[in-house]
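Spelled out from the first residue to the last, the chains are:
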Amino acid sequence: MPTPVEDSIRTKLTAALSPRTLEIHNDSKKHAHHNAMRGVADKKETHFRIVVSSAAFVGKPQIARHRMVNALVKEELERKGGIHALQMRTLTLEEEDRLLEKAREIEKAEAEGKCAGACAGKEDDSTL
């Protein structure tokens, strides 16, 4: 069930980036017990993980893409008791297509019994 901060992130990223893919994962429950969360009244919207693909990222290095996203959710990051951690995976449409194709190839090889599960370990997107 979406939360107000998640809704705000979705609205802002959708309006500014027109993403093909936008996944927002609220990981706050996994981190509520951390020392940094002591004294935070509402621990339900502090840690998010997003995956976003957009043509707006073309020609920009990862750091510039992350800065774009951070600028869009600046209010949520700066709000007292707001977002404590935001993990991002920012992709161009071409990068996303390559990852999807690679995943299909691995799935096919595994289905044909050519990997015995080892194919997934060979996936390398470190160049992205």
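Just so it is clear, the model here is predicted, and its values are computed rather than measured.

K.L.:
Before we go on, may I ask you to explain the overall build of the protein chain in this structure?
P.N.:
Counting secondary structure elements, the protein chain contains five helices and three strands. In sequence order, the protein chain lays out its α and β elements as α-β-α-β-α-α-β-α. Counting all 128 residues of the protein chain, 32% fall into the buried class. Of the contacts formed within the protein chain by residues at least 6 apart in sequence, a portion of 63% connects residues at least 24 apart.

K.L.:
Even after reading the chapter, I still don't get the side chain of Ser-53, so can you show me in this structure?
P.N.:
Within the secondary structure, Ser-53 is located in strand E2 (residues 47–53). For Ser-53, a relative accessible area of 1% corresponds to the buried category. If sequence neighbours within four positions are ignored, Ser-53 has contacts with Pro-19, Arg-20, Thr-21, Leu-91, Thr-92, Leu-93 and Glu-96.

K.L.:
Would you mind going over the pattern of salt bridges with me for this structure?
P.N.:
Should the charged atoms of two oppositely charged side chains come close, the side chains can pair. Per the stated rule, a full pass over the model turns up eleven salt bridges. A salt bridge links Glu-94 to Arg-98; the nearest nitrogen and oxygen atoms lie 3.1 Å apart. With Glu-94 and Arg-98 both in helix H5 (residues 93–111) and four residues apart, the pair spans about one turn of that helix. Connected through salt bridges with shared partners, the residues Lys-12, Glu-75, Glu-76 and Arg-79 form a single ionic network.

K.L.:
Is there a simple way to explain the sheet that holds strand E3 (residues 85–91) in this structure?
P.N.:
For sheets, the rule is that strands pair by backbone hydrogen bonds, running either parallel or antiparallel. Here three strands make up an open sheet; going across it, the order is E1-E2-E3 and the pairing mixed. Here the strands that pair on one side only, and so sit at the sheet edges, are strand E1 (21–26) and E3. Adjacent strand axes in the sheet meet at a mean angle of 10°, parallel and antiparallel pairs treated alike. Bridge analysis of E2 against E3 gives seven bridges, and the strand direction is parallel. Considered in E3, the bridge of Ser-53 is made with Leu-91. Sitting on the sheet, helix H3 (residues 62–72) touches E2 and E3, and the angle it makes with E3 is about 125°.

Parameters and conventions
- Residues numbered from 1 in each chain as written.
- Predicted model: local features only at pLDDT ≥ 70, side-chain atom pairs only at ≥ 80, totals over all residues.
- Heavy atoms only, no water.
- Helix = DSSP H or I, 4+ residues; strand = E, 2+ residues; numbered from the N terminus.
- Buried < 20%, exposed > 50% of the residue type's maximum accessible area, 1.4 Å probe, protein only.
- Contact = heavy atoms within 4.5 Å.
- Salt bridge = Lys/Arg side-chain N within 4 Å of Asp/Glu carboxyl O.
- Pairing = 2+ DSSP bridges.
- Axes fitted to C-alpha atoms, helices over the stretch in contact; angles between N-to-C directions.

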